[in-house]
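Summary of structural features
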Amino acid sequence: MKLITAIVKPHKLDEIKEALQAFGVQGLTVSEASGYGRQRGHTEVYRGAEYQVDLVPKIRIEVLVEDSDAEELIRVVVSAASTGKIGDGKVWSVPVDSVVRVRTGERGADAL
Amino acid sequence: MASAITTLAADAPTLSAANTGFMLICSALVMLMTPGLAFFYGGMVRVKSSLNMLMMSFISLGIVTILWVLYGFSLAFGTDSGSLIGWNSDYVGLSGIGITELWDGYTIPVYVFAVFQLMFAVITPALISGALADRVKFSAWILFTALWVTVVYFPVAHWVWGAGGWLFEMGVIDFAGGTAVHINAGAAALGVILVIGKRVGFKKDPMRPHSLPLVMLGAGLLWFGWFGFNAGSWLGNDDGVGAVMFVNTQVATAAAMLAWLAYEKLRHGSFTTLGAASGAVAGLVAITPAGGAVSPLGAIAVGAIAGVLCAMAVGLKYKFGYDDSLDVVGVHLVGGVAGSLLVGLFATGGVQSDVAGLFYGGGLEQLGKQAVGVFSVLAYSLVASAVLAFLLDKTIGMRVSEDDEVAGIDQIEHAETAYDFSGAGGGAAARSTAAPTPSAASKKVDA
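Residues numbered from 1 in each chain as written. Chains lettered and ligands numbered in written order. Predicted model: local features only at pLDDT ≥ 70, side-chain atom pairs only at ≥ 80, totals over all residues. Heavy atoms only, no water.

**So, the overall build of chain A**
Under the convention used in this document: Think of it this way: any DSSP run of H or I at least four residues long counts as a helix, any run of E at least two long counts as a strand, and we number them from the N terminus. Three exposure classes are used, based on accessible area relative to the maximum for each residue type with a 1.4 Å probe and protein chains only: buried under 20%, partly exposed in between, and exposed over 50%. In what follows, residue pairs with any heavy atoms lying within 4.5 Å of each other are defined as contacts.
Helix and strand content of chain A: two helices and six strands. Going from the N terminus to the C terminus, chain A shows its helices and strands as β-α-β-β-β-β-α-β. Within chain A, buried positions represent 38% of all 112 residues. Residue pairs at least 24 apart in sequence account for 71% of intrachain contacts in chain A once pairs closer than 6 positions are excluded.

Printed below as a string of structure tokens:
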């Protein structure tokens, strides 16, 4: 199994959710995140005083999938999240040792 | 203001129900400016000191109201003594004034004039508080407010508006408080911050406004209340001057907002919310002394000039290194000075008084008088306020400890915090910037 993590622009969340549903993903976890990449945030101006805001808001989406689906799912997420502009985010996957469904105690692929 | 005495002096005093009703409504409108100011300032500070900022304005409604009734009205509008101060024991506690008693030439009861003027006395020290954000002990602020209105505001109100007051007798025009309120408060703010010093982290830490919507709410309430402040200052509307003042207030404020926005678009690249709110307040300040003397076109000029001047002035604190937290000097002092001096140029000689400014056939005389009014009040308030702050600092201390200032003055001074970010998921939902909310459940917890 793999854990796919995507850090993306907040306004892309709906599109990515729909794409994942169409792909057949049963569940996902979404949380708010903040950070910066190469673009290093933005500048805000208050009565002429400029503030450099390093950390920009992002959304983190996490999905557990079977190994065989991982590559295709990453492609789906990347395609839905892309705007072609700087700050689109990153997607990565890591191997997962075990997964348990809390309600039933099912393990592995059955728990997804 | 008191100039109504001279204009209407020929008439026998008759109580006008219309003017009395109008003035009670205007007084209520001016009262609303103080909580409006609290929101305007409160939104501009960081979360950790937002309640303190609200309270510093709000407390003025308590302290100054009581002092005004006890002795303030008597000092400001009692019988003149040496052109410097007034006194009338009937006014102490407002106890010897009959409810239908009128001054010669007035059409509203003295009592109504006293409550209208009370609201001016309330907002003026509240204006100062914006310069002191984040760092002043609340107990010291209470004492400062009480001492300041006694030593500075009540006498200055007498100079500017009281029958016999030296600036009033000289012919300085201050229709609704550019000198007595805004220059007075702005200069006091400068005097105090020169004594108490900068916030911890000034020029290093970001001190962004925590809620621009609150700032806009406050600016909106100020604008609304200012119609009472300005249009009410003719103390009636039998001859339409109050209506001229209403129009001038509106157009000067509009012009100043646009001017500030245009300046910052050129200078910094964006039309900011804070700029719109600040520009509006700058225009309101500038038209306050001038609104009874100029035409609507003159009011547009006054507003536009003040908008640009104030937008430029707010940067001065970074240049000179004094920490006027919320730009009381940049907006109220500079705006007040601009409006007061512009009377000498734009007075048309046909509205509130016969005085014509330089552009309308008058000479430089009125400009000279205005300058005397501006700089005498500025100097007196600056020095007296600095001395008061110095005395308080040496006795009870003006500032909270550095630790408390960094942790947030709300908790240490008021045992409260402005917003509740606690609770499972509440924090995340409260800070949400994303369009879709990740979890409906967390929203419920937050509510």
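Next comes the rest of the description.
**Here's the deal with the pairing of strand β1 (residues 2–8) of chain A**
Note on strand geometry: in a regular strand, side chains alternate between the two faces of the sheet. Residue and element names in this part refer to chain A. Filter applied, for reference: By this definition, two strands are paired if DSSP reports at least two bridges between them.
The buried count for β1 comes to five of seven residues, which makes it a mostly enclosed element. As defined by bridge partners, β1 adjoins strand β5 (residues 56–65) across seven bridges and the pair is classed as antiparallel. Bridging from a neighbouring strand, Ala 6 pairs with Ile 61 of β5. Here β1 pairs with strand β6 (residues 89–95) via seven bridges, running antiparallel. Bridge pairing links Ile 7 to Lys 90 in β6.

**Topic: the UniProt feature "domain: Ammonium transporter AmtB-like" (unreviewed entry) in chain B**
To keep it simple, the criterion reads: UniProt positions are given in the numbering used here, feature names are shortened, and annotations may be inferred rather than shown by experiment.
Per the UniProt record, "domain: Ammonium transporter AmtB-like" (unreviewed entry) is found at residues 22–419 of chain B. Taken end to end, residues 22–419 of chain B is 68% helix and 2% strand, and its two terminal C-alpha atoms sit 39 Å from one another.

**Side note on the pattern of salt bridges**
Residue and element names in this part refer to chain A. Going by this rule: Whenever a carboxyl oxygen of Asp or Glu lies within 4 Å of a side-chain nitrogen of Lys or Arg, that contact is scored as a salt bridge.
For the structure shown, the criterion picks out 14 salt bridges over all chains. For Glu 72, the salt bridge identified is with Arg 75, shortest N-O distance 2.1 Å. Pair noted here: Glu 72 and Arg 75 are both in helix α2 (residues 67–81), with a separation of three residues, about one helical turn. With relative accessibility at 34%, the residue Glu 72 sits in the partly exposed group.

**Examining the pairing of strand β3 (residues 42–46) of chain A**
Alignment of β3 of chain A against strand β4 (residues 49–53) of chain A, held across five bridges, turns out to be antiparallel. Following the sheet pairing, Thr 43 of chain A is matched in β4 of chain A by Gln 52 of chain A.

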